[in-house]
Amino acid sequence: MGMSRDDALALVSLIAESENLPLPRFRLSQRQGHARNTSISVPRWAFAKHEAFAMYYVCHEMAHLVERKNGISSFHHGDHFKSTEQRICAKFGVTIKGYENNGPYPRVDQVAY
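Please read these numbers as outputs of a predicted model, since none were measured by experiment.

Here is what the cut-offs are and how they apply
- Residues numbered from 1 in each chain as written.
- Predicted model: local features only at pLDDT ≥ 70, side-chain atom pairs only at ≥ 80, totals over all residues.
- Heavy atoms only, no water.
- Core = buried A, V, L, I, M, F, W, Y, C linked by side-chain atoms within 4.5 Å.
- Buried < 20%, exposed > 50% of the residue type's maximum accessible area, 1.4 Å probe, protein only.
- Helix = DSSP H or I, 4+ residues; strand = E, 2+ residues; numbered from the N terminus.
- Contact = heavy atoms within 4.5 Å.
- Pairing = 2+ DSSP bridges.
- Axes fitted to C-alpha atoms, helices over the stretch in contact; angles between N-to-C directions.
- Patch = residues over 30% accessible without salt bridge, like charges linked within 9 Å, V, L, I, M, F, W, Y side chains within 5 Å.
- Areas by Shrake-Rupley, 256 points an atom, 1.4 Å probe, with all protein chains shown as cover.
- Salt bridge = Lys/Arg side-chain N within 4 Å of Asp/Glu carboxyl O.
- Lys, Arg positive; Asp, Glu negative; His and termini not counted.
- Charge placed at Lys NZ, Arg CZ, Asp CG, Glu CD.
- Expected span 1.5 Å × (residues − 1).
- Arc of directions from axis to C-beta.

With respect to the nonpolar core
Ranked by internal contacts, the top residues of the largest apolar core, which has 33 residues, are Phe 26, Ile 40, Phe 47, Tyr 56, Val 58 and Met 62. Looking at this core, the elements that each hand over two or more residues are helix 1 (5-18), strand 1 (25-29), strand 3 (39-43), helix 2 (44-47), helix 3 (51-69) and helix 4 (79-91). Among the elements that line this core, the one with the most residues is helix 3, at 12 residues. In this structure, Phe 26 is in contact with Arg 5, Ala 8, Leu 9, Val 12, Ile 40, Val 42 and Phe 47, ignoring residues within four places of it in sequence.

This is the structure we're talking about:
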């Protein structure tokens, strides 16, 4: 099963601290995730998947905040963003094995510990 909301909050805090970011607000959403300047949202369906995928999704949204902090537009999911995303995931033992159709997101089975 996926991760708990408390575990997600702890992960958000750890990422914020390790990346020297202010702690963003965190919420679960009904449909899709997003990152704003002071908050992130992760969809509930991602938490129903395996824990590594839920962790990936939190790391993904936090990567947007890291990119913005560094003055990089993170509205696209290009190579620089993917590099930041993979670096953050790796800090917490999550590996992205590939991206679906070379797009911005991995399939659930492409994310593991």
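Here the narrative resumes, following the displayed structure.
Quick word on the environment of Tyr 57
Its location among the elements puts Tyr 57 in helix 3. A sequence separation of 43 residues divides Tyr 57 from Leu 14, and the C-alpha atoms of the two residues are 15 Å apart. Setting aside residues no more than four positions away along its own chain, Tyr 57 makes contact with Gly 33, Val 42, Pro 43, Trp 45 and Ala 46.

A word on the sheet that holds strand 2 (residues 34-35)
Taken together, three strands build an open sheet; the order of strands is 1-3-2 and the sheet is mixed. Taken across any chain shown, the strands that pair with only one partner, and hence form the sheet edges, are strand 1 and strand 2. Looking at chain direction, strand 2 and strand 3 are connected through two bridges and run antiparallel. Bridged to His 34 within strand 3 is Ser 41. Contacts between helix 1 and the sheet are confined to strand 1 and strand 3, with strand 1 contributing the most and set at about 140° to the helix. Contacts from helix 3 reach strand 2 and strand 3 within the one sheet, and its direction differs from that of strand 3 by about 155°.

Re a positive patch on the surface
A surface patch of positive charge is lined by Arg 5, Arg 25, Arg 27, Arg 36 and Arg 44. Exposure remark for Arg 5: the relative accessible area of 38% places this residue in the partly exposed category.

Some thoughts on helix 1
Compared with the 20 Å implied by 1.5 Å per residue over 14 residues, the 20 Å span of helix 1 between its first and last C-alpha is a close match. Within the sequence span of helix 1, burial applies to Ala 8, Leu 11, Val 12, Ile 15 and Ala 16. The buried residues of helix 1 occupy an angular sector of 135° when projected down its axis, which confines them to one face. With respect to the buried face of helix 1, the exposed residues turned more than 90 degrees away are Asp 6 and Glu 17.

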